[in-house]
Amino acid sequence: MSWRSLVTVILFAGVLASGWVLWHQRGGDTAPATAAELPDYILNDFELIALDAQGQESFTLRAPRLARDPGTKTLDIETPLFLIPPAADSQGGAWEVRSKTAWVSESGDEIRLRGQVQADGADSGGSPVTMRTEQMDVFPEARRAVSPVKVTLTQPGLIMNGRQLEADLERNRITLKDTRSRYENTER
């Protein structure tokens, strides 16, 4: 046997040993997913209408993906659009609320919106209102929204920045703390 053949056999054995070691280490760090970790159902490109205890529409949801956790019975949603209708005796219109992600409680009475949250509605006079923030919690049955972080509120002629949002969506009342406002003349 020549020295070239011997080197070839040693290199081939090294390649086989390396492949065997890599093959056995490939899945050692991750545990296989259990049934409890997987969603019990997933919806893609859907529209859902949630009803309150009286059978009235609480909110409508449209999104490209929803996954339900079987343990907690909560929903995780990607890029949702929530349509929150006005109360029956309210003068206001529906609110459209969008975000990057959302979490909905088991009973549907709490929605946690995270990432590029934008809520569009109207004040009691019918003027458009837009709220932008990174985090907002909405309570559709109570027709209420809160945010502990910075919020920008925009209306015709007004831009208001503040934090600790408290919004009564039924009465179209919004409260912010530590505000800075800029008024613009909209009449020209």
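Report on the accompanying structure.

The rules behind the values
- Residues numbered from 1 in each chain as written.
- Predicted model: local features only at pLDDT ≥ 70, side-chain atom pairs only at ≥ 80, totals over all residues.
- Heavy atoms only, no water.
- Helix = DSSP H or I, 4+ residues; strand = E, 2+ residues; numbered from the N terminus.
- Buried < 20%, exposed > 50% of the residue type's maximum accessible area, 1.4 Å probe, protein only.
- Areas by Shrake-Rupley, 256 points an atom, 1.4 Å probe, with all protein chains shown as cover.
- Salt bridge = Lys/Arg side-chain N within 4 Å of Asp/Glu carboxyl O.
- Polar contact = N/O pair within 3.5 Å; in protein donor to acceptor, adjacent residues only side chain to side chain.
- Contact = heavy atoms within 4.5 Å.
- Core = buried A, V, L, I, M, F, W, Y, C linked by side-chain atoms within 4.5 Å.
- Pairing = 2+ DSSP bridges.

**Side note on the overall build of the protein**
Here comes step 1: Assigned secondary structure in the protein consists of one helix and 12 strands.
Here comes step 2: When the helices and strands of the protein are placed in sequence order, the string is α-β-β-β-β-β-β-β-β-β-β-β-β.
Here comes step 3: Looking at the protein as a whole, 34% of its 188 residues qualify as buried.
Here comes step 4: For the protein, the computed accessible surface area is about 12200 Å², with 52% contributed by carbon and sulfur atoms.

**So, the pattern of salt bridges**
Here comes step 1: Applying the stated criterion across every chain, the model contains eight salt bridges.
Here comes step 2: Residue R62 is joined to E47 by a salt bridge in which the shortest nitrogen-to-oxygen separation is 2.6 Å. Of this pair, R62 sits in strand β2 (residues 57–68) while E47 sits in strand β1 (residues 41–51); the two residues are 15 residues apart in sequence, bridging distant segments of the chain.
Here comes step 3: Notably, a salt bridge pairs E184 with R182, separated by 2.8 Å at the nearest N-O pair.

**Let's talk about the side chain of S105**
Here comes step 1: Residue placement: S105 occurs in the loop between β6 (101–104) and β7 (111–122).
Here comes step 2: S105 sits in the buried class, given a relative accessible area of 10%.
Here comes step 3: At 2.9 Å, the side chain of S105 forms a polar contact with the side chain of D109.
Here comes step 4: With residues near it in sequence (within four places) discarded, S105 still touches T74 and E110.

**Looking at the nonpolar core**
Here comes step 1: By size, the foremost hydrophobic cluster in this structure holds 31 residues, and its most contacted members are I77, F82, L113 and M136.
Here comes step 2: When near neighbours in sequence (up to four residues on either side) are disregarded, M136 contacts I111, R112, L113, R114, V117, A119, M131, A145, V146, S147 and L165.

**A look at the pairing of β2**
Here comes step 1: In this structure, β1 lies alongside β2, joined through 10 bridges in antiparallel fashion. Within β2, the position partnered with N44 by the bridge is R65.
Here comes step 2: Between β1 and β2, which pair antiparallel and follow one another directly, the connecting turn spans five residues, one of which, G55, has a positive phi of 85 degrees.
Here comes step 3: Alignment of β2 against strand β4 (residues 81–84), held across three bridges, turns out to be antiparallel. Residue pairing across strands places T60 opposite L83, the latter belonging to β4.
Here comes step 4: Sheet topology places β2 next to strand β3 (residues 75–78); four bridges connect them, and they run antiparallel. Residue pairing in the sheet places R65 in a bridge with E78 of β3.
Here comes step 5: Connecting β2 to the next strand, β3, in antiparallel fashion are six residues, including K73 with a positive phi near 60 degrees.

**Describing the side chain of T74**
Here comes step 1: Examined against the element boundaries, T74 turns out to sit in the loop between β2 and β3.
Here comes step 2: A distance of 2.8 Å separates a polar atom in the side chain of T74 from a polar atom in the side chain of T72.
Here comes step 3: Here W103 takes part through its side chain, which lies 3.4 Å from a polar atom of the side chain of T74.
Here comes step 4: In this view, T74 contacts A67, R68, D69, W103, V104, S105 and E106; residues no more than four positions away in its chain are not counted.

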